[in-house]
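Observations on the model geometry
Residues per chain, in single letters:
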Amino acid sequence: MLDRRIFKEIDWTTILLMVVISVIGIIFVHSAIYSQSSKYVWKQSVWLLVSLLALLILLVIDYKVLLSFAFPFYILMNLILAGLLIFGKPVANTRSWLVFGPFQFQPSELTKVAVILLLARLFSDYKEDQMSFKAFFLSSALVGLPFVLIALQPDLGTALTLVPVLLGTYILAGLPRRYLVVILIVSCLVGFIGWNYGLKDYQKKRIETLLVPDQDPRGAGYQLKQSRIALGSGGLTGKGYHKGTQSQLRFLPARHNDFILAVIGEDLGFLGILAVFLVYFIFLFRLFSAVQVSPDRGGVYIAFLSAMLIGCQFMINIMMIVGLFPITGIPIPFLSYGGSSLLTNFLIAGLVINVKMRRFAYIRF
């Protein structure tokens, strides 16, 4: 529980940055879908309040207690993912959602929290200088199970966000160079099987469009083309709030979630995007800096893996909207519309704050 000393150590600056980015997201969701904005803005605002409440509850619980329940939580989330494949009702051609009246929740998002906690628990007492083959195989399998279940929904974008978490584990545990050969062979094998038997035709075309952008400008390349037009037309200072033609005339698909940054670029221009980036970089810096003050190995893993996940999603979304990464439906954390994503990102960042605020709690004098 929170005593007075620990309460004073809560990183309110990081929480404020999360709220600021989220409010910016809500503001530009309103701009992106102006004709329908009231419903979306209301829902996202409610999710922001829910996320803040969930964050405060999370901070009350010591992260060591959370680690002790990591394995049951991981099992529960995978059972839910497996159940969705059998009993879930398709929403937008995927079996990814639990529906509660006007609200929908995506369990695959919350699974990210379970994976981070389980990997941190697994390596919390690991004292080897280099990662053993057993630890390498076990950590890969623990990430691979939810990856496969989420990809089968099919939701390849969310599944791919687990990869940075696994890479972060390899980095912290000291992956031997010889295992890179194993990773390369497995990656090639998975890529071959996935391309020939796993990926849908539209997913293949998105990858092909990355290599040849003008191959299908009215089909698979349409989203990327419109995103680039929106970013370019914004110029240095933008067209003004609610005045972006690509969003207002609905040329830009998924403009309130995956391509929200293109809307900001069109409305506020290059300078507006730079301002958003500045806030985001300060936020990410504070997440990564928490690794240095973590009181134990479990805390280090929680802080680093959480920061890796949010940071990589941020970078992938940027690369996606400018054509440096296939369009896979990976939203930008906190900015994009989506209650499940917002709640999960608050919880993930909350794990980092939880560790940081207890950096003096286990010091013995």
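About the criteria used
- Residues numbered from 1 in each chain as written.
- Predicted model: local features only at pLDDT ≥ 70, side-chain atom pairs only at ≥ 80, totals over all residues.
- Heavy atoms only, no water.
- Helix = DSSP H or I, 4+ residues; strand = E, 2+ residues; numbered from the N terminus.
- Buried < 20%, exposed > 50% of the residue type's maximum accessible area, 1.4 Å probe, protein only.
- Contact = heavy atoms within 4.5 Å.
- Areas by Shrake-Rupley, 256 points an atom, 1.4 Å probe, with all protein chains shown as cover.
- 1 Å grid on protein atoms, 1.4 Å probe; cavity = no way out; pocket = protein on both sides within 12 Å on 5 of 7 lines; lining within 4 Å.
- Points joined across faces, edges and corners; volume = space filled by probe spheres on them.
- Nonpolar A, V, L, I, M, F, W, Y, C, P; charged D, E, K, R; others polar.
- Polar contact = N/O pair within 3.5 Å; in protein donor to acceptor, adjacent residues only side chain to side chain.
- Expected span 1.5 Å × (residues − 1).
- Phe/Tyr/Trp six-rings, centres within 6.5 Å; stacked < 30°, edge-to-face > 60°.
- Axes fitted to C-alpha atoms, helices over the stretch in contact; angles between N-to-C directions.
- Parallel < 35°, antiparallel > 145°, perpendicular 65-115°, else oblique.
- Left-handed = near helix turned anticlockwise from the far one by under 90°.
- Patch = residues over 30% accessible without salt bridge, like charges linked within 9 Å, V, L, I, M, F, W, Y side chains within 5 Å.
- Salt bridge = Lys/Arg side-chain N within 4 Å of Asp/Glu carboxyl O.
- Core = buried A, V, L, I, M, F, W, Y, C linked by side-chain atoms within 4.5 Å.

1. Side note on the overall build of the chain
When helices and strands are counted, the chain shows 16 helices and two strands. Counting the 365 residues in the chain, one finds 49% classified as buried. Considering only residue pairs separated by 6 or more positions, the chain has 77% of its internal contacts joining residues 24 or more positions apart. For the chain, the computed accessible surface area is about 17,400 Å², with 69% contributed by carbon and sulfur atoms.

2. Some points on the layout of surface pockets
Taken as a whole, the second largest pocket holds about 300 Å³ of empty space. What lines the second largest pocket is a set of 15 residues, among which Leu58, Leu66, Phe73, Val113 and Leu347 lie closest to the centre. The class makeup of the residues in the lining of the second largest pocket is 15 nonpolar, no polar and no charged.

3. Some thoughts on the side chain of lysine 112
When you line up the elements, lysine 112 lands in helix H6 (residues 107–123). The class of lysine 112 is buried, set by a relative accessible area of 3%. Within the structure, lysine 112 has its side chain in polar contact with the side chain of glutamate 109 (distance 2.9 Å). Setting aside anything within four residues of it in sequence, one finds lysine 112 in contact with Thr158, Thr161, Leu162, Leu309, Gln313, Thr344 and Ile348.

4. A look at helix H15 (residues 297–322)
Compared with the 38 Å implied by 1.5 Å per residue over 26 residues, the 37 Å span of H15 between its first and last C-alpha is a close match. Across the 26 residues that make up H15, a large majority, 20, are buried. Looking one or two residues past H15, glycine 323 carries a phi angle of roughly 95 degrees, positive in sign.

5. Brief notes about the environment of alanine 135
One can find alanine 135 in helix H7 (residues 133–151). The exposure class of alanine 135 is buried, given its relative accessible area of 9%.

6. Focus: the packing of aromatic side chains
Under the defined criterion, the tally for this structure stands at 17 aromatic pairs. When the ring of tyrosine 280 is compared with that of phenylalanine 283, the centres are 6.0 Å apart and the planes differ by 80 degrees; the resulting orientation is edge-to-face. On the criterion of helical spacing, the pair formed by tyrosine 280 and phenylalanine 283 is a turn pair, its members being three residues apart in helix H14 (residues 260–289). Here the two residues tyrosine 280 and phenylalanine 283 agree in accessibility, since each one is buried.

7. Looking at the packing of H6 against helix H9 (residues 163–173)
In the contact formed by H6 and H9, the axes pass within 11 Å of each other and the chain directions differ by 15 degrees. With respect to H9, the element H6 is oriented roughly parallel. H9 is crossed by H6, and the crossing has right-handed handedness. Facing H6, whose interface residues are Val115, Ile116, Leu119 and Phe123, H9 presents Val165, Thr169 and Ala173. Of the residues assigned to the contact of H6 with H9, the class counts are six nonpolar, one polar and no charged.

8. Examining a nonpolar patch on the surface
A cluster of nonpolar side chains, contributed by Leu53, Ile57, Ile61, Val65 and Phe69, occupies part of the molecular surface with about 460 Å² of accessible area. Of note, isoleucine 57 is situated in helix H3 (residues 37–60).

9. As for unusual backbone geometry
Following glutamine 153, the chain continues into proline 154 via a peptide bond in cis, with omega recorded as -5 degrees. By the element assignment, proline 154 lies in the loop between H7 and helix H8 (156–160). The backbone of histidine 242 shows a phi angle near 70 degrees, a positive value even though the residue is not glycine. Here histidine 242 is to be found in the loop between helix H12 (222–234) and helix H13 (245–248). The residue phenylalanine 334 is not glycine, and still its phi comes out positive at about 75 degrees. Take phenylalanine 334: it is sitting in the loop between H15 and helix H16 (339–357).

10. Quick notes on the nonpolar core
In this structure, Tyr280, Phe283, Ile310, Phe334 and Leu335 are the most contacted members of the largest nonpolar core, which totals 100 residues. Apart from residues no more than four positions distant in its own chain, isoleucine 310 is found in contact with Tyr280, Phe283, Leu284, Leu287, Pro333, Phe334, Asn345, Ile348 and Ala349.

11. Describing the pattern of salt bridges
On inspection of all chains with the given rule, the structure shows seven salt bridges. In this structure, the salt-bridge partner of aspartate 11 is lysine 356, at a minimum N-O distance of 3.1 Å. One end of the pair, aspartate 11, is in the loop between helix H1 (4–8) and helix H2 (12–32); the other, lysine 356, is in helix H16, with 345 residues separating them in the sequence. Across the salt bridge formed by aspartate 125 and arginine 121, the nearest N and O atoms sit 3.9 Å from each other. Classification of aspartate 125 by relative accessible area gives exposed; the value is 56%. Residue classification places arginine 121 among the partly exposed positions, given a relative accessible area of 37%.

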